[in-house]
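What follows is each chain in one-letter form.
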Amino acid sequence: MAERSLSGLTEEEAVAVQDQFKTTFSAFILLAAVAHVLVWIWKPWF
């Protein structure tokens, strides 16, 4: 049986969660950056 950590996840499950988090976070940062650039183009003084 696989050893579980305090979080209750195995090493493989933890890596899968980490990878999904990194992908989602990167997409969020990219979307936020695009939104900021579009607002800056629209009203540079904001």
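In this text the structure is predicted, and so the values were computed from the model without any measurement.

Definitions and limits used
- Residues numbered from 1 in each chain as written.
- Predicted model: local features only at pLDDT ≥ 70, side-chain atom pairs only at ≥ 80, totals over all residues.
- Heavy atoms only, no water.
- Helix = DSSP H or I, 4+ residues; strand = E, 2+ residues; numbered from the N terminus.
- Buried < 20%, exposed > 50% of the residue type's maximum accessible area, 1.4 Å probe, protein only.
- Areas by Shrake-Rupley, 256 points an atom, 1.4 Å probe, with all protein chains shown as cover.
- Phe/Tyr/Trp six-rings, centres within 6.5 Å; stacked < 30°, edge-to-face > 60°.
- Lys NZ or Arg CZ within 6 Å of the ring centre and 35° of its normal.
- Salt bridge = Lys/Arg side-chain N within 4 Å of Asp/Glu carboxyl O.
- UniProt positions renumbered as here; feature names shortened; annotations may be inferred.

Once that is clear, we can look at the overall build of the protein. A count of helical and extended segments in the protein gives 1 helix and 0 strands. Oriented by its inertia axes, the alpha-carbon framework of the protein measures out at about 60 × 15 × 5 Å. When burial is assessed residue by residue, the protein has 2% of its 46 residues classed as buried. Counting only carbon and sulfur atoms, one obtains 72% of the accessible surface of the protein, whose full area is about 4,400 Å².

In this structure the tally under the stated criterion is 1 aromatic pair. With a centroid separation of 5.8 Å and 10 degrees between ring planes, the pair formed by Phe 21 and Phe 25 is classed as stacked. With a gap of 4 residues between them, Phe 21 and Phe 25 both fall in helix H1 (residues 11-42), about one helical turn apart. When its relative accessible area of 44% is taken as the criterion, Phe 25 is described as partly exposed. Lying across the ring of Trp 42, Lys 43 places its NZ or CZ 4.7 Å from the centre.

Moving on: the pattern of salt bridges. Applying the stated criterion across every chain yields a total of 1 salt bridge. The shortest N-O distance in the salt bridge between Lys 22 and Asp 19 comes to 3.9 Å. Taken together, the positions of Lys 22 and Asp 19, both in helix H1 and 3 residues apart, correspond to about one turn of that helix. Its relative accessible area of 45% is what places Lys 22 among the partly exposed residues.

This brings us to the UniProt feature "transmembrane region" (unreviewed entry) in the protein. The residues that UniProt annotates with the feature "transmembrane region" (unreviewed entry) are residues 25-42. Summarising residues 25-42: 100% helix, 0% strand, and an end-to-end C-alpha distance of 26 Å.

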